[in-house]
Structure formats: C-alpha cells, structure tokens
Amino acid sequence: MTEGDDNDESDWIVADRSGKRRPVARMTELDGGSSPISRLFSGVLLNRSTVNHAKHAATRGSTGSSSRPISVDVLARNATHVSVKEPFFILPLEINNSKIVSIESALLCLSDREEVSDYRDSLTGMASTLRRHAYLDQLPPFFIFQLKRFTVIAPGDSLGKSLKFIPIEQELRIPKKLLSGEKQFSLDQRIYRLQGVIFHVGHTPHSGHYTVAVRCSPELLTQVLSKHPFNVRESITRSPVTFLYLDDTHGCLVPDGVPLKNLLSSHRPLDAHTGQFTSLPQNSTISPTDRPSIRHQPRTPYVLVYESVLSSRRES
C-alpha cells in the first residue's frame, strides 16, 4: 500500500481519533486457529519494513552487494511502510554476535535494523533499499527461546555447534526497546521467571544427548523428597529454589547456591546419578574412545522456558 493512499476499502489504512489516516499492521493467523496451547505459548511479533525506492534500474546481485536479493512479492508493491504481525511459539535467538553476552542482549538484537541494499522490483527493475526490524507486540504467558547453537561454519559450510557461554538468569526482564509501543506493558508484565532448560550435551550437532532441568513446584518437591533420607530433605527444603535435573536414566535435585549456579552458569557436565558436577576437560586431553561418554561432553543450554510472574501469581 502506497503511503497516503486514499482507498477506503483497504484494511491497511485506518483513521485514528484525530482523524489522521495511517497504515496498520496486517495480522497473520495461526494454522488451525487458537487453542489452549497457543494461548499459553504464542506471542505476536511485529515486523516493520521500510522501502526507499531509488531512481535507477539495477540487476540482481549488483556489484558491492553481499546480501541475497529479496523478491518484491514479499512486500506490498510500491509500499513505503509495511507492517505485519506474526504469531510465534518459539523465538530463535542469535548468540554468536560479539555484543551478545546475555539473554537480554540477545533479545535486543531482534530489534536491530537490518538493511538489504539489493532489493529490486521484479517488474520495474528499480533498485531500492529495504530496512526492516522486529518488535514484540504481544507477550505470552510462557516464552520459549531457542539459542542458535547449531550454525553453518566455513570453510566447507559444514554444520557446527557454538560453545559460546551465555549465562542463564533466573529472572528475565523484557527490554522496553523490544516492545512495539502500540500497547502499554507494566513492569510486572515484562518480568519472567525461568521454569525449565533443555541442554544439549555434546561437542557437535551430529551426536550427543539432550537433558532437562525444571523448577520444582512445592508439590513436585514434596513427592521427590519423600524418597530421600531425612538429612537430604532438610537441606533441600531450606533452599528457596530447587531444580530437578533429568537425563535419560537418572535424576537429581539441584538446590540454590553454588550447585544451581553451576547448572545455569557453566557448561560443566552433571552426573545425574550422583548429583555431582565434573570438570570439563580440554579437547586435547580426551581420547577418541572417551569422547562418546557423557562425562566428557559440554552441557550447553539450548532451549529456555520462562513464565510470566503475573501468570504464576494467578495460578497460586
């Protein structure tokens, strides 16, 4: 839709309370419609694009451009501003950028402007510059983040695993900069609490194990502790936060303090049978026969689940 278009039949243009006409985002729908699961885990991402049309023709892959050309069919033809609201279940987060040192900084990268200089109208051949960025327009009760650990690595364009260390905080505040501004969110609405982590244990994406750690609710903790000796129950119940760590055969409780810090802020392997963390040896000290052992594999956070503090308060 061209900026300033007077077509009253278009659902891209609305009049606000002051009478000013402005474009609005078109909302895409979830496949299968809304469901109880989607209401828990689905948020809305607002993608905004701005196209600045040039006055000369260009061909695809012009000199000096390293980006892949994007078809004009992706956007409305001759659009100056285009906004699309898209539901999401999982937000993939880039972690290999040098400025990313936390989950919050990874989130902020979603709102960074991306510029595509070799955008070309397939009919007119006119060269354009496309700038686009994303915002959060609706916050779900539960956020699921996937850290982009499996990436294509040159040379050979082979698939590799990033072992970059990203500390996992128990409390996450959604940055104001990431919000679209079309809705107002209170501080409590932007605060989330860590509920679970899926780890990938391994050196490469081609092998390894998946393990999980979940925050223990009082009910779950009572059930688990009923099978432990009294001295263990007493020490665990004094911990304000306890996570249950599970691999494919065993499980162990990880209380607050140093154990929980090791779980969330290190890649040290955790033996779920003994509940003990082991040192992560250097690659050069591991023989090929020992490499498959889970005891010698880095335990890296891969998928994170955060719950809104408002949602947890309503449940309690």
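Computed from a predicted structure; not experimentally measured.

*Asks:* When you look at the packing of aromatic side chains in this model, what are you seeing that I'm missing?
*Replies:* Here the distance between the centres and the angle between the planes together describe a pair of aromatic rings. Enumeration over the complete set of coordinates arrives at eight aromatic pairs. Where Phe143 meets Phe145, the ring centres are 5.0 Å apart and the plane angle is 15°; that geometry is what we call stacked. For Phe143, a relative accessible area of 0% translates into the label buried. Above the face of the Phe199 ring, Arg299 is positioned so that its terminal group lies 4.8 Å from the ring centre.

*Asks:* How should the environment of Glu182 be read in this particular structure?
*Replies:* Within the element layout of this structure, Glu182 appears in the loop between strand E12 (171-173) and strand E13 (191-201). When the C-alpha positions of Glu182 and Gln138 are compared, they lie 9.8 Å apart, and in sequence the two are 44 residues distant. The contact partners of Glu182, leaving out residues within four places of it in the chain, are Leu46, Arg48, Lys85 and Asp137.

*Asks:* What's the story with a nonpolar patch on the surface in this structure? I'm lost.
*Replies:* A surface patch of nonpolar side chains, about 260 Å² in accessible area, is lined by Ile37, Phe89 and Ile90. By secondary structure assignment, the location of Ile90 is in the loop between strand E5 (81-88) and strand E6 (91-93). Judged by relative accessible area, which is 42%, Ile90 ranks as partly exposed.

*Asks:* Would you take a moment to explain the nonpolar core for this structure?
*Replies:* When a protein is soluble and globular, its nonpolar side chains tend to lie buried together. Leu136, Phe143, Phe145, Ile174, Tyr245, Leu263 and Tyr306 are the most contacted members of the largest nonpolar core, which has 42 residues in total. The greatest single-element share of this core, amounting to five residues, is contributed by E13. Filtering out sequence-adjacent residues up to four positions away, Phe145 remains in contact with Leu91, Leu93, Leu107, Leu172, Tyr302, Val303, Leu304 and Tyr306.

*Asks:* Would you explain helix H3 (residues 218-225) in this entry?
*Replies:* Given 3.6 residues per turn, any residue in an α-helix points the same way as the ones three and four places further on. Burial in H3 covers these residues: Leu221, Val224 and Leu225. The buried residues of H3 occupy one face: seen down the axis, they fall within an arc of 90°. In H3, the exposed positions angled more than 90 degrees off the buried face are occupied by Glu219, Thr222 and Gln223.

The rules we used
- Residues numbered from 1 in each chain as written.
- Predicted model: local features only at pLDDT ≥ 70, side-chain atom pairs only at ≥ 80, totals over all residues.
- Heavy atoms only, no water.
- Phe/Tyr/Trp six-rings, centres within 6.5 Å; stacked < 30°, edge-to-face > 60°.
- Buried < 20%, exposed > 50% of the residue type's maximum accessible area, 1.4 Å probe, protein only.
- Lys NZ or Arg CZ within 6 Å of the ring centre and 35° of its normal.
- Helix = DSSP H or I, 4+ residues; strand = E, 2+ residues; numbered from the N terminus.
- Contact = heavy atoms within 4.5 Å.
- Patch = residues over 30% accessible without salt bridge, like charges linked within 9 Å, V, L, I, M, F, W, Y side chains within 5 Å.
- Areas by Shrake-Rupley, 256 points an atom, 1.4 Å probe, with all protein chains shown as cover.
- Salt bridge = Lys/Arg side-chain N within 4 Å of Asp/Glu carboxyl O.
- Core = buried A, V, L, I, M, F, W, Y, C linked by side-chain atoms within 4.5 Å.
- Arc of directions from axis to C-beta.

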